[in-house]
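# Close look at the chain arrangement
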Amino acid sequence: MNWIVKLVIITVCFSNLVQAYENVTVTIYTEHFPPYNFRDGDKIKGINHDIVARACEVAGLKCKFKMYPWQRAMALSLSKRFAGLVSTSRLPDREAHFQWVGPLVSSPACFYKLAHRSDIHINSKQQLNNYTVGLNKGDVYEHVLQNWGMQENVNYVIYSEKFGEVDAFKKGKLDLFIASANTLQYHIDSDRLALHEVEPVFVISDEALLGNYLALNLAMPIEIVEKLQNALVELKQSNEIQLIKKRYIPTAQSVISESELSLAKRCIYG
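In what follows, the accompanying structure is described. For every chain, the first residue of the written sequence is number 1, and numbering continues from 1 along that sequence. Whole-chain, interface and lining totals are the exception, using all residues; otherwise, since this is a predicted model, local features are given only for residues with pLDDT of at least 70 and side-chain atom pairs are given and counted only at 80 or more. Side-chain metrics rest on all non-hydrogen atoms present in the structure, leaving aside hydrogens and water.

Here the focus is the environment of P221. Starting at the N terminus, helices and strands are each numbered in turn, a helix being any DSSP run of H or I of at least four residues and a strand any DSSP run of E of at least two. On the secondary structure map, P221 appears in the loop between β12 (212–217) and α7 (222–237). Burial classes follow relative accessibility: with a 1.4 Å probe on protein chains only, a residue under 20% of its type's maximum area counts as buried, one over 50% as exposed, and anything between as partly exposed. On the basis of relative accessibility, which here comes to 5%, the residue P221 falls in the buried class. Measuring from C-alpha to C-alpha, the distance between P221 and F82 comes to 8.3 Å, with 139 residues separating the pair along the chain.

Here you go:
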């Protein structure tokens, strides 16, 4: 078989492969987690939702989004071949369960206190044990706190209701809560707190936290995974991702120099 015949066969096979996926719909599950993904009326939107939706367009794929509580969204994405999950924190214990496209948008998480609490001082992980913090059920940061030696119902409390930990924090039942520059405003919205009432005290830095990703089912054809990853790279190179981010966070910083990476800037402005 000469090289021309081989080339024709490869071209035909590739064409058939592309056509085979033209009628496939990728279902991407998500949860209510503003500003990354949330429901606005009858629409799902958000920074990472919009990025993944655009990546699907650029890749020429049909994608639909469905919103469920986190645990159900995770289960569905693990059980269906043409399924994914966003925004998903990439962690060592999740690594082997998905194929990963990203990173998407995220920002460092921080511990916040009430601004008037002059008795709270944290300069190390060890000092966190002197205070209490609340977490939402299924929160990725529970893994981090456990690895730091913190214990449930001693150092941290789990709340099943979304933002229940922030309500408890406001009432003085907790010393701290966790958010990031991107999510802080959404944590304190709905008359919970005003921005000037909270103050960052410690940045969560852990090598296990690799950022937010689109997690795809292991049975997803690698061609689709690669199409989405390549599309994401294209969006980054065109600066479209930063423009999408600014739709939801107008104060988002494009570039922050090393000299500006203060605690306040990392935890308030992103």
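Moving on from the coordinates now.
Glancing now at the sheet that holds strand β6 (residues 98–101). Strand pairing requires that DSSP identify at least two bridges connecting the strands. Strand order in the open sheet formed by five strands is β4-β1-β5-β12-β6, and the pairing between neighbours is mixed. Unpaired on one side and paired on the other, β4 (62–67) and β6 mark the two borders of the sheet. Strand-to-strand twist across the sheet, computed as the mean angle between neighbouring axes with direction ignored, equals 30°. Contacts between residues were defined by any pair of non-hydrogen atoms, one from each residue, lying within 4.5 Å. The angle between two axes is taken between their N-to-C directions and runs from 0 to 180 degrees, where each axis is a line fitted to C-alpha atoms and a helix contributes only its stretch in contact. Against the sheet, helix α2 (residues 47–59) touches β1 (25–30), β4, β5 (83–89) and β12, its axis set at about 160° to β4. Relative to β6, α7 is tilted by about 25°, and along the sheet it contacts β1, β6 and β12.

Moving on to unusual backbone geometry. Glycine aside, negative phi is the norm for most residues, and most peptide bonds take the trans geometry. With an omega of 5°, the peptide bond between P34 and P35 qualifies as cis. Across the junction of G102 and P103, the peptide omega takes the value 5°, indicating a cis bond. Looking at where P103 falls in the secondary structure, it is placed in the loop between β6 and β7 (109–114). Even without glycine at this site, N153 takes up a positive phi of about 65°. Summarising the element assignment, N153 is placed in the loop between α4 (141–147) and β9 (156–159).

Right, let's talk about helix α3 (residues 70–79) for a bit. Those residues of α3 that sit buried are W70, A73, M74, L76 and S77. Seen along its axis, α3 keeps its buried residues to an arc of 165°; they face one direction. Each element contacted by the buried residues of α3 is listed here: β1, β5, β6 and β12. For this quantity, the arc is that covered by the directions from the helix axis to the C-beta atoms.

Read these as geometric descriptors, not functional statements.
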